[in-house]
Structures are given as structure tokens and as C-alpha cells.
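Remarks on the overall topology
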Amino acid sequence: MNRNNIDKNRMVLTVLFFLLFQFPAFAQNDVLAERKVTLMGSVFNITIVDQDSAKANANIDRTVSEITRIENLISEWQPQTQISEVNRNAGIRPVKVDPEVFELTRRAVEYSEISGGAFDISTAAMDKIWKFDGSMTEMPTPETIKNSVRNVDYRNIVLDRVSSTIFLTRRGMKIGFGSIGKGYAADKGRELMRSSGVKAGIVDASGDIAAWGTQPNGKPWAIGIRNPFKKQKIAQILRLKNDAVATSGSYEKFAEINGIRYSHIIDPQTGYPATGLTGVTIYGPSAEFANALSTSVMVLGKKEGRKLVKKFPQYRFLFITDDGKVIR
């Protein structure tokens, strides 16, 4: 992930979420350790509940190593990774990748299919014609917008399961995991810790959160979702045990042109920024899939987005519209 351009495709979730730790009465011998570390171009906050500080910190080290391993497989910004090799060979030849990389890419294409193209990892090739720093006052021309997505189309990602290859059929194409990559890393960090017998913790990948177990006092982890239109108020508090959360939004990164608010999340098919929703929070079993859904819903809008999420009954949603309405 690009360390100099963090989370350019979606809202950094820690802007929206904070952990409401409540543990006045620790279980005997339980210790909570927490560490912030920069990985995948973003700040990760890893929290572990374990028998003592030494074990907790050793398990944080193991989680960091696992996330680093994933970054070294899927980053499109590091030239030695398999995804960078795939991108360099766009329009030239298929590239053999590890089964893990192949499966992550396969799921990403599946997310594109179920969202009707609202989610698309080939947006990595999109021209950067929009500015979301307050400096943009005029719309690009329709021709410029259309041309910006000329190399974006998940249907041009060819996967061969037998040979474990990925082929981008058009020169100029790129794929990237700036959206679901951190959610995947959070899920994998949690998976590693649970398989190792660690009773509880949180892997917070800049807001893509994977939690398991409970706080040391036995209560669920409490995650507060802030309302950007009422900064001193919480839109909802989620109580998590073995759940995950992801949010996409335009809370801080947007352009306002002719009175219309344009999100920094771009529709892969049209090249136009998403409008109508300021934030979308999805929570359920997987941070990876929650992220794919939240990104898709931002593009689809509240009506079609609600229809999409309701196809997956294990997942719940909270939408905040551009006029401040909260939809649960």
C-alpha cells in the first residue's frame, strides 16, 4: 500500500471509531496489551488480552509479522510483490501467484460481480482527475471523466485456477487492494491469534476492525460510530465479540462543487464520485467482506445499497446520508 498516499480510496475508519474500553475489574491474571504500528501504509492498533504482558506482546509481534507477510504479497506499491508483477505484465502475459493471492483476487472479482461492478480492484488504474482537498471548484469535462476509467473493468481480470495465474488483458490495467487489503489483514491477524489460543483481542487496521473474545472484565468490545454532522454525539455503539466492522465515507475527503458534495470514492464504471451517502458502516463476521460491502454501498446509494446488504443476513448496516439522516 502507498505509504505516501494513505487510504485514498476510502475513509480511514479510526476517524469514525474509538474503542470504549471498560475494564474496572480484570479477570485474574488477565493482561491487556496494546500497540500502534504503521503497516500497509496505515496505522494499525493491535490489542491482545493474554495471561501476562510478555505473552501478550509476543503475540502482538506475531500479528505484526503476519500483516507484514501479507503486505509483502499484495502491495501494488512495492516492486517485488506478486501483485506488482501482475501489474507490470498487464496485456503481456499471465503471472503465476501464490494460492493465497489468487484466492484474494478471486474473491475481489466475486465482490465486483455481486455488486454489479460498484466494487472493483482495477480502480488502481484510474486517472487521478479529482481533488478532494478543497481546491476543486469545477467539474472535469465529461470526456475527461469517461477517459479516466478506460483501464478499469474487473471483467478484464482473467483467473486460471489450475495454473494459479492472474492476467490483466489490457495494457495500462492495474489491480490493487487498498480497499479490502487491510480488512483481509485484520481477519488474518485475528485468525492467527484465535488458532494460537489467544482468548481475546482486536486488530484495528485503520478502522477495518476484527475483534474476538471479550474485554478483560467479560464485557463485549464497544465500538462507537461517530456522527460527522453531530461531532459530540455517537450515532451508534456496536458491542462486538467475534465480529468485524468496516466503514467507507467522505467525512473529511470530499469535493463540493455547485452545492453538491462529491465523495472521494469513485464509481468504477462511470468515473464520477459517489453522492448521497456521507458514511456507510457494515458489521458482521469478516472485515474484508464488510469493507467490500461498505465501498459498494457508497457507490450504489442508499436504496440499492440496502438491497445489496440485505442479501447477506449475517451483516448489518448503518448509513449516514449527505443531509445527516441516520439509517439503521
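Anyway, here's the lowdown on the structure attached to this text. (Residues numbered from 1 in each chain as written. Predicted model: local features only at pLDDT ≥ 70, side-chain atom pairs only at ≥ 80, totals over all residues. Heavy atoms only, no water.)

**Considerations on the packing of aromatic side chains**
Centre-to-centre distance and the angle between the planes together describe a pair of aromatic rings. Enumeration over the complete set of coordinates arrives at six aromatic pairs. With centroids separated by 6.0 Å and ring planes inclined at 75°, the aromatic side chains of Y111 and F119 adopt a geometry described as edge-to-face. In this pair, the class of Y111 matches that of F119, namely buried. Taken together, the ring pairs in this structure connect Y111, F119, F289, F312 and Y315 into an aromatic cluster. (Phe/Tyr/Trp six-rings, centres within 6.5 Å; stacked < 30°, edge-to-face > 60°. Buried < 20%, exposed > 50% of the residue type's maximum accessible area, 1.4 Å probe, protein only.)

**Comments concerning unusual backbone geometry**
A positive phi is found at S206, a non-glycine position, where the angle reads about 50°. Position of S206 relative to the elements: it lies in the loop between β7 (200-205) and β8 (208-212). Assessed through its relative accessible area of 3%, S206 is described here as buried. One non-glycine residue, N258, lies in positive phi territory at about 55°. Relative to the helices and strands, N258 is located in the loop between β12 (254-257) and β13 (260-263). (Helix = DSSP H or I, 4+ residues; strand = E, 2+ residues; numbered from the N terminus.)

**A few points about the sheet that holds β8**
Taken in spatial order, the eight strands line up as β2-β3-β7-β8-β11-β14-β15-β16 in an open sheet, and their pairing is antiparallel. Sheet topology places β2 (31-39) and β16 (326-327) at the edges, where each strand pairs with a single neighbour. Examined bridge by bridge, β2 and strand β3 (residues 42-50) share nine bridges and lie antiparallel to one another. Across the sheet, K36 pairs through a bridge with N45, a residue of β3. (Pairing = 2+ DSSP bridges.)

**What about the sheet that holds strand β4 (residues 95-96)?**
Taken together, three strands build an open sheet; the order of strands is β4-β6-β5 and the sheet is antiparallel. At either end of the open sheet lies a strand with only one pairing partner, and these are β4 and β5 (157-160). Set on the sheet, helix α3 (residues 99-114) makes contact with β5 and β6 (165-168); between it and β5 the angle comes to about 130°. (Contact = heavy atoms within 4.5 Å. Axes fitted to C-alpha atoms, helices over the stretch in contact; angles between N-to-C directions.)

**A few points about helix α1 (residues 53-74)**
Helix length check: α1 (22 residues) gives 32 Å between terminal C-alpha atoms against 32 Å at 1.5 Å per residue, within 8%. For α1, the capping residue at the N-terminal end is D52, with a side-chain oxygen 3.1 Å from the backbone nitrogen of A54. (Expected span 1.5 Å × (residues − 1). Polar contact = N/O pair within 3.5 Å; in protein donor to acceptor, adjacent residues only side chain to side chain.)

**Some thoughts on the side chain of E66**
Within the fold, E66 resides in helix α1. Within polar-contact distance, the side chain of E66 engages the side chain of R69 at 3.0 Å. Apart from the residues within four sequence positions on either side, E66 is in contact with K188 and L192.

**Brief notes about the pairing of β3**
Counting buried residues in β3 gives eight out of nine residues, a clear majority hidden from the surface. Turn length for the β2-β3 hairpin, with the two strands adjacent in sequence and antiparallel, is two residues, and the turn residue M40 shows positive phi of about 55°. Strand direction decides the pairing type here: β3 and β7, joined by six bridges, are antiparallel. By the bridge assignment, I48 is partnered in β7 with G201.

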